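So the chains spell out like this:
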Amino acid sequence: QLQASGGGLVQAGGSLRLSCLASGLTFSNYAMGWFRQAPGKEREFVSYITWGGGSTYYADSVKGRFTISRDNAKNTVYLQMNSLKPEDPAVYYCAPKTGVGPPNLLKEYDYWGQGTLVTVSS
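Predicted, not measured: the structure shown is a model, and the values here were computed from it.

Draft legend 1. Spotlight on the state of the cysteines. Tallying each qualifying case throughout the model produces one disulfide. A sulfur-sulfur separation of 1.7 Å characterises the disulfide bridge that pairs cysteine 20 with cysteine 94. Taken together, the residues cysteine 20 in strand β3 (residues 16–22) and cysteine 94 in strand β9 (residues 90–96) connect sequence positions 74 residues apart. Take cysteine 20 and cysteine 94: they sit in the same class, and that class is buried.

Below is the structure:
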């Protein structure tokens, strides 16, 4: 089970920190990804972190503004979002990477929980 939280309404330029608590899996065995889906659009890759947290990867659209991290002792992955823009609003989801391909591909992730809604006001 994957439970994302921390979303909300924020002004453009503001910050939010999303959390995703994982249960029912050996969290430390999995790399984790964050994706987002805006109304009427496909789910898109945001960020990725390896199982130990040593490597991270970001979509160009969020690079330099978002930071992914994890705490394996708490079975939680985080997404710190700074300098939020009007194009960032979406439902944000986390998922464990179960495939062996590139981390930015949706098909590499099989399990999804409820996301958390991020809204940005201009």
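Draft legend 2. How the structure looks around unusual backbone geometry. One non-glycine residue, asparagine 75, lies in the positive phi region at around 55°. Residue placement: asparagine 75 occurs in the loop between β7 (66–71) and β8 (76–81). When its relative accessible area of 26% is taken as the criterion, asparagine 75 is described as partly exposed. Phi is positive for serine 83, close to 50°, though the residue is something other than glycine. Structurally, serine 83 can be placed in the loop between β8 and β9.

Draft legend 3. Region of the structure containing the nonpolar core. Counting 33 residues, the largest nonpolar core has Trp34, Phe66, Val77, Leu79, Met81 and Tyr92 as its most contacted members. Elements supplying a minimum of two residues to this core: β1 (2–5), β3, β4 (32–37), β5 (44–49), β7, β8, β9 and β10 (116–121). Every residue in contact with valine 77, bar those within four places of it in the chain, is listed here: Leu18, Ser19, Cys20, Phe27, Met32, Trp34, Ile49, Ile68, Ser69, Arg70 and Cys94.

Draft legend 4. Geometry of the sheet that holds β4. Strand order in the open sheet formed by six strands is β2-β10-β9-β4-β5-β6, with mixed pairing between adjacent strands. On the outer flanks of this sheet lie β2 (8–11) and β6 (56–58), each paired with one strand and no other. Each neighbouring strand pair of the sheet contributes to a mean axis angle of 25°, computed without reference to strand direction. Looking at chain direction, β4 and β9 are connected through six bridges and run antiparallel. Residue tryptophan 34 lies in a different strand from β9, and its bridge partner there is cysteine 94.

Criteria and thresholds
- Residues numbered from 1 in each chain as written.
- Predicted model: local features only at pLDDT ≥ 70, side-chain atom pairs only at ≥ 80, totals over all residues.
- Heavy atoms only, no water.
- Disulfide = S-S within 2.5 Å.
- Helix = DSSP H or I, 4+ residues; strand = E, 2+ residues; numbered from the N terminus.
- Buried < 20%, exposed > 50% of the residue type's maximum accessible area, 1.4 Å probe, protein only.
- Core = buried A, V, L, I, M, F, W, Y, C linked by side-chain atoms within 4.5 Å.
- Contact = heavy atoms within 4.5 Å.
- Pairing = 2+ DSSP bridges.
- Axes fitted to C-alpha atoms, helices over the stretch in contact; angles between N-to-C directions.

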